[in-house]
Structure formats: structure tokens, C-alpha cells
Amino acid sequence: MALAGSETMDQDGHGETYIFRAVRIAAVVALYWFISITMVFLNNYLLDNKDLDAPLFVTFYQCLVTVGLCWLMQLLSRVCPGLIDFPSVKLDVKTSREVLPLSIVFIAMITFNNLCLKHVGVAFYTVGRSLSTVFNVLLSYAILKQTTSLQAVMCCGVILGGFWLGVDQEGVAGSLSWLGVFFGVVASACVSLNAIYTKKVMPAVDGNIWKLSYYNNINACVLFLPLILVFGELEHLAHFSLLTDLKFWGMMTLGGLFGFAIGYVTGLQIKYTSPLTHNVSGTAKACAQTVIAVVYNSSSKSLLWWTSNLLVLCGSSAYTWVKSLEMKKPPSHRDPLDSAKEKLLPGEKGNLGV
């Protein structure tokens, strides 16, 4: 699918060969898989630390690293303008205030996302966080008054079936965390709200995803501070034995680095393939991620448990396929939100998640 429409070589020998493009696409997809899967396992490692129960602080630090990396990339783009292209970002209070509504949704999204991962683990994470597509449909109707085709709704039904079957099988296995499921559902809703609010505030940052990331994470750092105080995480940090351990801070910084990198490689994958291929790649990556987690933890899962994952993945892939067909319709026959999504830059379609 990613290679569709490629040519072997121009008649005069100029241009890129089929093999070169195939290798480049494979490398980009492999890089996306590596960054995304590693980030999930790394966050699970940091959040599953029995000695440090401070998920808000972990998320706050990753946002702080992202802000630092934005400053670094801006500096490098001035030193090496031909090698690195990064927008000039200067803190503007007016812009920060305009981005604030999105930032509130953003911190809820990444916080509940991490809390879900903390309580359900990597193996069940795909199912636990599978309702984003369903909330896309519900919130598009509730907020934007936009209807969805019957085929897309049926795909959502398949996802819901997979979700409930997965919850049931986790309960049968005795490993179900209702708190983790709750966090996953809220995180899924926040992902959908994040996409809606992103479109609203994008003009405030001149349509640039990196500027949006910069302001979003600066606002998040400020908003996280009172939350850390209110939920008593400073006390947990004060009694944490590895607070001065360089390995701990190295892993924390690495988590922030991967969080920053996922936005770049997501945009890169869309650039060299297509939005549809990116979504299919993400679905396949989620499948591989689940298998790796089960094998790594030496878990034994029932056939119905695997069926729940398959239903979620197939439902998500089918929804992506249905929406891609609807995008090919003439502009007068598509939903306004679909037309708006098509105009998004590659990076804007990918750097909105965790």
C-alpha cells in the first residue's frame, strides 16, 4: 500500500529508483515503530516504579524536556539552517492564552493516558485506549453537529464489541483494573477533544505544529505544578531513594526525548507514505506491541482475549478505510471536518497524541 504508484526509474535515468523509495519507506516505518513501541514500554517502566508513585511529575518532566528540545532545535536551526528546519519560537503571552483551552485538554489527555498505562500495562493498553475512534464520532456530532456514515458507525460497533470483550476477558483472568479502564476511557475522550481544539487554536500559531507543541508544553508545565502540589507528589519525591540517581534521570529524560521524537517520525511517515498508510501502520504497530508485551511478560492469554484485540484492530482499520473512501468524494459530498483534516500538514496529523 505504501509503495503504490511508485515507478522503477525515469527513462533518462534521473529520479529515485523503486528500490530506493521502498528502502526509504521501510526505514521510516521501522523508525516509527521503534520510537512508538519503545516510548510505550519506557513510560510503562517509569510509571510502574513501586518506589515512586508520582505520575503527574513524570508527565510534567517529559513536557519540560519537550520545551527544552524546542529551544535546542531552534538554536540548531540558526547554526545549521540548511540541515535543520525549525520555526522561531518566542514566548508570547497572548498566544499562550489562546492556546490555553487546548493545553487543559492536552494535560488531561497525556495524564489519563499515562495513568491508563500505569494500571493496565502494555498488553491490554491497545484495548484499554481503543475508544478514541468512537469518541471522534460522538463528539463530532455533539460539538460540531456532524453526522457519520452508517459504515463508519458499524466499524465503531466492532471496536466497542472488542473493548467489552477485552474487559470481560481481563476480568476472567483476574488481571482487570477498573480504574485503569476508567482512565483509558477518559483518555480516549480527551484524544478526540484534543483533535477538535487543535483545529480551533491552530491559527493562533500560524498553523505550525511545532509552535503549537512549544506553547502547549509550556502551558502544561505551568498547569502541572499546582496539580503536583495538590495531589501530594512532592512528598513522594522527597522520600524517593533514587532522586539523585543519574540512571533514573537519564531514563526520565529519554522518555521526554522519545515523546518529542514521536511527533517528528509520525509526520515523516505520513510524508513518505500517506495518512491512510500511517493509520494502518499504527494499527499493525499496536498489534506487534501487544504481542511483544505478552511474550516479554511470559503471559498466557485466552483465545477470546486475542479475539478482543483483533476486533479492536480490525474495527479501527476498517474505520480508517471507510473514512479514506469518503475523503475521495467531491468536496460538496463530504463532511466539513473531513475536508479540514485533509488540509492539515503531515506533522499536524500526527503530533497530537502521546
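Reading the values: rules and limits
- Residues numbered from 1 in each chain as written.
- Predicted model: local features only at pLDDT ≥ 70, side-chain atom pairs only at ≥ 80, totals over all residues.
- Heavy atoms only, no water.
- Helix = DSSP H or I, 4+ residues; strand = E, 2+ residues; numbered from the N terminus.
- Phe/Tyr/Trp six-rings, centres within 6.5 Å; stacked < 30°, edge-to-face > 60°.
- Lys NZ or Arg CZ within 6 Å of the ring centre and 35° of its normal.
- Axes fitted to C-alpha atoms, helices over the stretch in contact; angles between N-to-C directions.
- Left-handed = near helix turned anticlockwise from the far one by under 90°.
- Contact = heavy atoms within 4.5 Å.
- Nonpolar A, V, L, I, M, F, W, Y, C, P; charged D, E, K, R; others polar.
- Salt bridge = Lys/Arg side-chain N within 4 Å of Asp/Glu carboxyl O.
- Buried < 20%, exposed > 50% of the residue type's maximum accessible area, 1.4 Å probe, protein only.
- UniProt positions renumbered as here; feature names shortened; annotations may be inferred.
- pLDDT = per-residue confidence, 0-100.
- Parallel < 35°, antiparallel > 145°, perpendicular 65-115°, else oblique.
- Core = buried A, V, L, I, M, F, W, Y, C linked by side-chain atoms within 4.5 Å.
- Expected span 1.5 Å × (residues − 1).
- Bend = angle between axes of the 7 residues up to and from the residue.
- Polar contact = N/O pair within 3.5 Å; in protein donor to acceptor, adjacent residues only side chain to side chain.

Novice: Help me out: how do you make sense of unusual backbone geometry in this one?
Specialist: Of note, the phi angle at D206 is positive, near 60°, even though the residue is not glycine. Counting through the fold element by element, D206 comes out in the loop between α7 (178–201) and α8 (209–230). Despite not being glycine, S298 shows a phi value in the positive range, around 55°. Tracing the backbone shows S298 in the loop between α11 (275–296) and α12 (303–327).

Novice: Explain the packing of aromatic side chains here, please?
Specialist: Between two aromatic rings, the relevant description is the distance of the centres plus the angle of the planes. Under the counting rule described, the total for this entry stands at 15 aromatic pairs. For the pair F248 and W249, a centre-to-centre distance of 5.2 Å together with 70° between the ring planes defines the contact as edge-to-face. Here the aromatic cluster, defined as three or more aromatic residues joined through ring pairs, consists of F57, F60, Y61, F240, F248 and W249. K200 extends its terminal NZ or CZ atom over the ring of Y197, reaching a point 5.3 Å from the ring centre. The lysine or arginine in question, K301, covers the ring of W305, its NZ or CZ lying 4.9 Å from the ring centre.

Novice: Could you clarify how one ought to interpret the packing of helix α2 (residues 55–79) against helix α10 (residues 246–272) in this entry?
Specialist: How two helices sit against one another is set out by the angle between their axes and by the gap between those axes. Packing of α2 against α10 brings their axes to within 8 Å, and their N-to-C directions diverge by 65°. The two elements α2 and α10 meet at a crossing, and its hand is right-handed. Here α2 contributes F57, V58, Y61, Q62, V65, T66, L69, C70 and M73 to the contact with α10, which in turn contributes W249, M252, T253, G255, G256, L257 and F260. Of the residues in the contact of α2 with α10, the class split is eleven nonpolar, five polar and no charged.

Novice: Could you clarify how one ought to interpret the side chain of T95 in this entry?
Specialist: Within the secondary structure, T95 is located in helix α3 (residues 93–120). In this structure T95 touches A204, V205 and Y215, once residues within four positions along its chain are discounted.

Novice: Hey, could you run me through the pattern of salt bridges in this one?
Specialist: Side chains that carry opposite charge are capable of pairing whenever their charged atoms lie near each other. Counted by the stated rule, this structure contains four salt bridges. Between D53 and K118 there is a salt bridge, with the nearest N and O atoms lying 3.6 Å from each other. A residue pair is termed long-range when its members are at least 10 positions apart, and D53 in the loop between α1 (18–47) and α2 and K118 in helix α3 qualify at 65 residues. One salt bridge connects K211 with D206, and the closest N-O pair in it is separated by 3.2 Å. Assessed through its relative accessible area of 62%, D206 is described here as exposed.

Novice: It is not clear to me how the UniProt feature "transmembrane region" (unreviewed entry) in the protein chain should be interpreted in this structure. Could you clarify?
Specialist: With numbering matched to this structure, UniProt assigns "transmembrane region" (unreviewed entry) to residues 18–42, 54–79, 99–117, 124–144, 150–167, 179–197, 217–234 and 246–266. In residues 179–197, helix accounts for 100% and strand for 0%; the two terminal C-alpha atoms are 27 Å from one another. The distance separating the terminal C-alpha atoms of residues 246–266 is 30 Å; by composition the span is 100% helix and 0% strand.

Novice: Where do I start with the confidence of the model for the protein chain in this structure?
Specialist: Fine structural detail should not be taken from predicted coordinates in areas where pLDDT scores are low. Scored by pLDDT, the protein chain has a mean of 83; 88% of the residues are at 70 or more. Counting interchain partners and residues more than four positions distant, the pLDDT-below-50 stretch residues 1–14 has 22 contacts. Every residue in residues 335–354 is under pLDDT 50, and counting partners more than four places away or in other chains gives 45 contacts.

Novice: Would you mind showing me how to read the packing of α1 against α2 here?
Specialist: In contact at an axis separation of 10 Å, α1 and α2 are set at 135° when each is read in the N-to-C sense. Taken together, the axes of α1 and α2 lie oblique to each other. Touching N43, L46 and L47 of α1 are P55, V58 and Q62, all from α2. Across the contact of α1 with α2, the residue classes break down as four nonpolar, two polar and no charged.

Novice: How should I be thinking about the environment of L313 in this particular structure?
Specialist: Looking at the secondary structure, you find L313 in helix α12. Distance from L313 to V127, taken between C-alpha atoms, is 8.7 Å for residues 186 residues apart in sequence. Leaving out residues up to four positions away in the same chain, L313 has contacts with T126, T283, A286 and C287.

Novice: Can you help me understand the nonpolar core in this one?
Specialist: Most often, soluble globular proteins have nonpolar side chains that are buried together. Judged by nonpolar contacts, the single largest core of 73 residues is most densely connected at L212 and F224. In this view, F224 contacts L56, T59, F60, C63, I107, I110 and T111; residues no more than four positions away in its chain are not counted. With eight residues, the next largest nonpolar core counts Y32, I35, M39 and L42 among its residues.

Novice: In this structure, what is going on with α8? I would like to understand it.
Specialist: An α-helical turn contains 3.6 residues, so any two residues separated by three or four positions project in the same direction. Taking 1.5 Å of rise per residue, 22 residues should cover 32 Å, and α8 covers 31 Å from first to last C-alpha, within 8% of that figure. At F224, α8 is bent by approximately 25°, the largest bend along its length, and proline P226 sits one to four residues beyond. Where α8 begins, one side-chain oxygen reaches toward the backbone nitrogen of W210, 2.9 Å away; that side chain belongs to N208. Remark: G232 follows α8 within two positions and exhibits a positive phi of approximately 70°.

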